[in-house]
Amino acid sequence: MKKNLISVIVLALLIVNIVLTAIMMFSVVGSSKKTAALVDNIATALNLELEASGNGEDMSQPDIPMSEIATYDISEKMTMPLKLDEEGQPHFFIATITLSMNTKDKGYKTYGEGLEERESLIKSEINDVYSQYTLDEARNNQEEIKEEILKRIQDMFDSEFIFNVAFSDIMYQ
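Residues numbered from 1 in each chain as written. Predicted model: local features only at pLDDT ≥ 70, side-chain atom pairs only at ≥ 80, totals over all residues. Heavy atoms only, no water.

### Here's the deal with the packing of aromatic side chains
- Evaluation of the coordinates by the stated rule reveals six aromatic pairs.
- Both rings, one in Phe157 and one in Phe161, keep their centres 5.5 Å apart while their planes meet at 70°; by these two values the pair is edge-to-face. Grouping residues by exposure puts Phe157 and Phe161 together as buried.
- Grouped by ring-pair contacts, the aromatic residues Phe93, Tyr130, Phe167 and Tyr172 constitute a single cluster. (Phe/Tyr/Trp six-rings, centres within 6.5 Å; stacked < 30°, edge-to-face > 60°. Buried < 20%, exposed > 50% of the residue type's maximum accessible area, 1.4 Å probe, protein only.)

Here it is in structure tokens:
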């Protein structure tokens with residue numbers, strides 16, 4: 001009789017376990033579907049945002065064929081002083097700078113071939129921009145600095161024949 005009673009109790013506990021598992025599965029599956037949909041929506045929104053910012057950058061850079069691009073390298077590595085950091089320590093940015101020019105632009109005919117005569121003016125503009133940034137800011141905002149240098153050079157020549165500024169052999173000190 002005791003074996004029979006224990007079997008009935010085990011059977012009852014088994015049925016209760018199955019019912020509670022079913023209830024738990026329905027509640028978890030519903031919330032997990034909602035969570036998966038939310039994550040999917042966030043991933044889609046982030047992907048759209050990345051594509052949108054990529055398109056904006058493409059539009060700021062003109063589409064110029066390689067056959068129409070001339071480059072001008074500043075004659076020597078430039079050592080530019082940076083703004084003093086919080087401790088008052090002086091730091092420097094050292095790099096070789098290359099300017100990309102559109103040979104079909106009317107400004108290139110006027111200024112492009114004699115750019116070495118105006119190299120000191122270009123260096124001055126670059127130094128002015130870098131002197132506004134500390135070491136950490138210069139490291140973290142290189143694209144912003146390039147855009148500011150480009151804008152200043154374009155304003156100086158009153159032309160957009162120079163369309164890109166590139167740094168190579170970069171060193172911070």
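Here the narrative resumes, following the displayed structure.
### Brief notes about the pattern of salt bridges
- This model, assessed by the stated rule, comprises five salt bridges.
- Across the pair Glu143 and Lys146 runs a salt bridge, and its minimum N-O distance is 3.7 Å. One end of the pair, Glu143, and the other, Lys146, are both in helix 5 (residues 142–157), three residues apart, so they sit about a helical turn from each other.
- A relative accessible area of 52% means that Glu143 is categorised as exposed.
- A residue is classified by how much of its surface remains accessible, and Lys146, at 19% relative accessible area, is buried.
- Each of Glu76, Glu119 and Lys123 takes part in salt bridges that share partners, so that together they form one network. (Salt bridge = Lys/Arg side-chain N within 4 Å of Asp/Glu carboxyl O. Helix = DSSP H or I, 4+ residues; strand = E, 2+ residues; numbered from the N terminus.)

### Considering helix 5
- For helix 5, which comprises 16 residues, the first-to-last C-alpha distance of 23 Å matches the rise-based estimate of 22 Å (1.5 Å per residue) to within 8%.
- Burial in helix 5 covers these residues: Gln142, Ile145, Lys146, Ile149, Leu150, Ile153, Gln154 and Phe157. Projected down its long axis, helix 5 carries its buried residues within an arc of 165°, all on one side. Turned more than 90 degrees away from the buried face of helix 5, the exposed residues are Glu147, Lys151 and Asp155.
- Packed against the buried residues of helix 5 are strand 3 (92–102), helix 2 (106–111), helix 3 (119–130), helix 4 (135–140) and strand 4 (162–172). (Expected span 1.5 Å × (residues − 1). Arc of directions from axis to C-beta. Contact = heavy atoms within 4.5 Å.)

### Brief notes about the environment of Gln89
- Relative to the helices and strands, Gln89 is located in the loop between strand 2 (78–81) and strand 3.
- By relative accessible area, Gln89 is classed as partly exposed at 44%.

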